[in-house]
Amino acid sequence: GGGGGGGGGGGGTAAPPSAVGWEKNSSGRPGARLMDLSAQMDPAATAAAAVDLNIRLMRWRLMPALEPEKVAAQRCLLIGAGTLGCAVARCLLGWGVKAITLVDSGNVSYSNPVRQSLFAHKDCIGGKTKKAPAAAEELRRIFPGAEARGVVMGIPMPGHPVGAAEVDGVRADAEALDELVQQHDIVFLLTDTRESRWLPTLLAAARRKLAVTAALGFDTFLVMRHGLPPPTEEAAALGAGGLPAGYEQAAPAEAAAPPPPPPPRPRLGCYFCSDVVAPANSMTRRTLDQQCTVSRPGLAMVASALAVELAVTVLHHEHGAEADADVPAEAAQAATCDESPLGVVPHQIRGALSFFRTDCMLGRAFGKCTACSATVTDAYAARGFDFLLDAFNGGDYLEELTGLAQMHREAEAALEDVGFFEDDEDEAMSE
């Protein structure tokens, strides 16, 4: 009976499952299940996914209106690969921007690596390492997905005469720079002299590209975006300063008539719009120590970060690069600003480390600007390099062209008519 019970138990044992081994594939035949893990095993692909995830987390967790894809798709041109250029490039990488082109003609020197984050001591040895290619190579080393390239090129400048033997080379540089501006979406002006910013400013205005300037003093900085000129079809309806034709002479509406709609605001100015003189050679008769940019080490990092964040904020504005500036009074009410999810969109940011203070300022376009006025951009469109050559070689050419020289003459004549100095001399003689 016991044996029979044991036999009954053995007869009730279930057969082993047939789930071990091959499974039927899509063809209905037994086969191995395959999974491609190469992307997860590739360090470069892992880095790209991690960078993308880090940016997307900002949108998922904090700001649903953030558009990281728009920012990452920007093609950025950096004029200058020094302290500002290196810091701006690193910040752009943090936003996921991959297409970065750096333009510079200088070599890496021994003083550079401690301030310029894309260079190391090895780049200084021999004194022949060009900044732009070295910076681009380092960007690719930091992030293999970066589409960074360096262009060794000098920037032709007003006040730096071009000799007959140099004309072909300068022409090639000017044409190459124009082509680079057209190929990119944002132009960052990061050079260390005033006149070196003139040609990129003109080209950005002529091609209607967003331009962002960062400039340093010893303990002060300026970060600003340049206003876009009106489209060609609208230019005829606007005055030299960007105002609608006849706006300045518009008569007040009659009391019985409904109030007219407010006229469009004149456009924002560029880096040169606050000047009443043309850019000239700022390096003339300067000693070697005076030719170097001397600033507090942390200043470039602050200005570079603000330059990138300003550009990203502008991209999120409903009007993009054509957005008007939030004036300081409105900036104080940033919590009520809903035009850009990242906050207010200023025109200029000026800071001073001596006071640990920043101020947002506004400057409108100047009708006699030597870089972005319609007179200058039209002359460039009509004459091309011949116009540029006159600007490079002619000391007062730009001032005569834009009317600044005539304004100076009128101001001097007005002072002579007032006769303040003659009255002072007569009083002194009578005493």
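## Points about the packing of aromatic side chains
Here is step 1: Following the criterion strictly, the structure yields 4 aromatic pairs and no others.
Here is step 2: Where tyrosine 271 meets phenylalanine 272, the ring centres are 5.1 Å apart and the plane angle is 90°; that geometry is what we call edge-to-face.
Here is step 3: With a relative accessible area of 1%, phenylalanine 272 lands in the buried category.
Here is step 4: Among the aromatic residues, those joined into a cluster by ring pairs are Trp198, Phe387, Phe392 and Tyr397.

## Quick look at helix 11 (residues 299-316)
Here is step 1: Taking 1.5 Å per residue, 18 residues should reach 26 Å; helix 11 reaches 26 Å between its end C-alpha atoms and fits that length.
Here is step 2: Of all 18 residues making up helix 11, 13 are buried, and the element is well covered by its neighbours.

## Re the confidence of the model for the protein
Here is step 1: Of the residues in the protein, 79% reach a pLDDT of 70 or more, and the chain-wide mean stands at 83.
Here is step 2: pLDDT under 50 marks residues 1-8. Its contacts with residues more than four places away, or in other chains, come to 0 contacts.
Here is step 3: Predicted confidence is poor over residues 233-255, with pLDDT under 50, and the contacts of this stretch with residues over four places away or in other chains come to 20 contacts.

## Section: the sheet that holds strand 5 (residues 147-152)
Here is step 1: On the basis of which strands lie adjacent, the open sheet formed by 8 strands has the order 5-4-3-6-7-8-9-10 and mixed pairing. Every other strand in the sheet has two partners, leaving strand 5 and strand 10 (357-361) as the edge strands with one partner each. Direction aside, the axes of adjacent strands within the sheet are offset by 15° on average.
Here is step 2: Sheet topology places strand 8 (residues 220-225) next to strand 9 (residues 348-352); 5 bridges connect them, and they run antiparallel. Counted as the bridge partner of phenylalanine 221 is glycine 351 from strand 9.
Here is step 3: Set on the sheet, helix 6 (residues 131-142) makes contact with strand 4 (99-104) and strand 5; between it and strand 5 the angle comes to about 170°.
Here is step 4: Along the sheet, helix 11 contacts strand 6 (186-189), strand 7 (210-216), strand 8 and strand 9; its crossing angle with strand 8, the most-contacted strand, is approximately 15°.

## Quick word on a nonpolar patch on the surface
Here is step 1: A cluster of nonpolar side chains, contributed by Met35, Leu37 and Met41, occupies part of the molecular surface with about 390 Å² of accessible area.
Here is step 2: Turning to its location among the elements, methionine 35 is positioned in the loop between strand 2 (30-31) and helix 2 (38-41).
Here is step 3: With a relative accessible area of 68%, methionine 35 lands in the exposed category.

## Side note on the pattern of salt bridges
Here is step 1: Under the definition given, this model contains 14 salt bridges.
Here is step 2: The salt bridge partner of aspartate 52 is arginine 56, with a shortest N-O separation of 2.6 Å. One end of the pair is aspartate 52 and the other is arginine 56, both in helix 3 (residues 43-61) and 4 residues apart, which spans about a single turn.
Here is step 3: For aspartate 52, a relative accessible area of 35% gives the class partly exposed.
Here is step 4: For arginine 56, a relative accessible area of 22% translates into the label partly exposed.
Here is step 5: Among the salt bridges present, the one from arginine 56 reaches glutamate 69, with a minimum N-O distance of 3.2 Å.

## Concerning helix 3
Here is step 1: For helix 3, built from 19 residues, the straight-helix expectation of 27 Å at 1.5 Å per residue is met to within 8% by its first-to-last C-alpha distance of 26 Å.
Here is step 2: Bending of helix 3 peaks at approximately 25° at the position of isoleucine 55.

Calculation notes
- Residues numbered from 1 in each chain as written.
- Predicted model: local features only at pLDDT ≥ 70, side-chain atom pairs only at ≥ 80, totals over all residues.
- Heavy atoms only, no water.
- Phe/Tyr/Trp six-rings, centres within 6.5 Å; stacked < 30°, edge-to-face > 60°.
- Buried < 20%, exposed > 50% of the residue type's maximum accessible area, 1.4 Å probe, protein only.
- Helix = DSSP H or I, 4+ residues; strand = E, 2+ residues; numbered from the N terminus.
- Expected span 1.5 Å × (residues − 1).
- pLDDT = per-residue confidence, 0-100.
- Contact = heavy atoms within 4.5 Å.
- Pairing = 2+ DSSP bridges.
- Axes fitted to C-alpha atoms, helices over the stretch in contact; angles between N-to-C directions.
- Patch = residues over 30% accessible without salt bridge, like charges linked within 9 Å, V, L, I, M, F, W, Y side chains within 5 Å.
- Areas by Shrake-Rupley, 256 points an atom, 1.4 Å probe, with all protein chains shown as cover.
- Salt bridge = Lys/Arg side-chain N within 4 Å of Asp/Glu carboxyl O.
- Bend = angle between axes of the 7 residues up to and from the residue.

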